[in-house]
Amino acid sequence: MKEYFNPFIQYLGRLFGKPLKLLNRHSNYSEYIAKQKEKTLDPIRINKWLGEEWETKLDGFRKLFERNSEYVNQATNCLCLGSRTGQEVAALRELKKQTIGIDLVEFSPYTIQGDIHKLDQENNQFDFVFTNIFDHSLYPDIFVSEMERVCRRDGYIIINLQLNISGDDYSENIVNDPKSVIKLFNNSVVAKSLKIKNIFDAMNWEIVMKKK
């Protein structure tokens, strides 16, 4: 997975790839859900997430939120989308933030069951929303709309992306230009959009949006 640090590969993605490429791998929504659950319910992956990878990812999220402290410090009620076993939730709770995680499979005590395309949470419920699973969204426009819906006015939405990376067998889209994601927001303005290098995953771009 060294390719995501290769500037030439990223240049080719920007030059020849669609800004936001939808992979269209499924014949219906149920098939999509089943495919995503296949990864999330894999016992080998679960053992790694809860075992050898737990501290590495927890420390990674600590650093991620420290990097974004100007937005996190203002937050009181936080939502993490696609949180799986919930290291990002744990990191925010360490900061005394009221936080829940959402994923297709529940992982107590950090993550409850839900669908990123149809959240059960109320309008304007959170002042901070985070996700790093944008590439797992079948309908990116609906995903963004749901993030905006549950975010309060003047709240922040942070998205970590794999820019110009083909992803894996569970990816549903490829982002080659961060502007293609920003354009999906109808009620937010850009606070920050820049290259990053996380210590624990392949995310290489970060977008911060402020809800109007």
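## Considerations on the layout of surface pockets
Step number 1: Counted as a void, the largest pocket has a volume near 780 Å³.
Step number 2: As for the largest pocket, its lining consists of 28 residues, and the residues nearest its centre are Lys 39, Lys 57, Arg 84, Asp 168 and Asp 201.
Step number 3: Residue assignment for the lining of the largest pocket shows that the elements contributing at least two residues are helix H3 (43–50), helix H4 (54–67) and helix H6 (87–94).
Step number 4: At 3 residues, the largest contribution of residues to the lining of the largest pocket is made by H3.

## Quick word on the sheet that holds strand S2 (residues 77–81)
Step number 1: The mixed open sheet is built from 7 strands, whose spatial order is S4-S3-S2-S5-S6-S9-S8. Of all the strands in the sheet, the pair left with one neighbour each is strand S4 (111–113) and strand S8 (188–195). Mean inter-strand twist for the sheet, computed between neighbouring axes without regard to direction, equals 20°.
Step number 2: With 5 bridges joining them, S2 and strand S3 (residues 98–103) adopt parallel strand pairing. Bridging across to S3, Cys 80 finds its partner in Gly 101.
Step number 3: The sheet strands contacting helix H7 (residues 140–150) are S2, strand S5 (126–131), strand S6 (151–161), S8 and strand S9 (205–211), and the helix crosses S6 at an angle near 145°.

## Notes on the nonpolar core
Step number 1: In this structure, Leu 81 and Val 129 are the most contacted members of the largest nonpolar core, which totals 29 residues.
Step number 2: Broken down by secondary-structure element, the contributors of at least two residues to this core are helix H2 (29–40), S2, S5, H7, S6, helix H8 (178–182) and S9.
Step number 3: Setting aside its immediate chain neighbours within four residues, Val 129 contacts Leu 79, Leu 81, Met 147, Val 150, Cys 151, Tyr 156, Ile 157 and Ile 158.
Step number 4: By size, the runner-up hydrophobic cluster in this structure holds 20 residues, among which are Trp 54, Phe 65, Tyr 71 and Cys 80.

About the thresholds
- Residues numbered from 1 in each chain as written.
- Predicted model: local features only at pLDDT ≥ 70, side-chain atom pairs only at ≥ 80, totals over all residues.
- Heavy atoms only, no water.
- 1 Å grid on protein atoms, 1.4 Å probe; cavity = no way out; pocket = protein on both sides within 12 Å on 5 of 7 lines; lining within 4 Å.
- Points joined across faces, edges and corners; volume = space filled by probe spheres on them.
- Helix = DSSP H or I, 4+ residues; strand = E, 2+ residues; numbered from the N terminus.
- Pairing = 2+ DSSP bridges.
- Axes fitted to C-alpha atoms, helices over the stretch in contact; angles between N-to-C directions.
- Contact = heavy atoms within 4.5 Å.
- Core = buried A, V, L, I, M, F, W, Y, C linked by side-chain atoms within 4.5 Å.
- Buried < 20%, exposed > 50% of the residue type's maximum accessible area, 1.4 Å probe, protein only.

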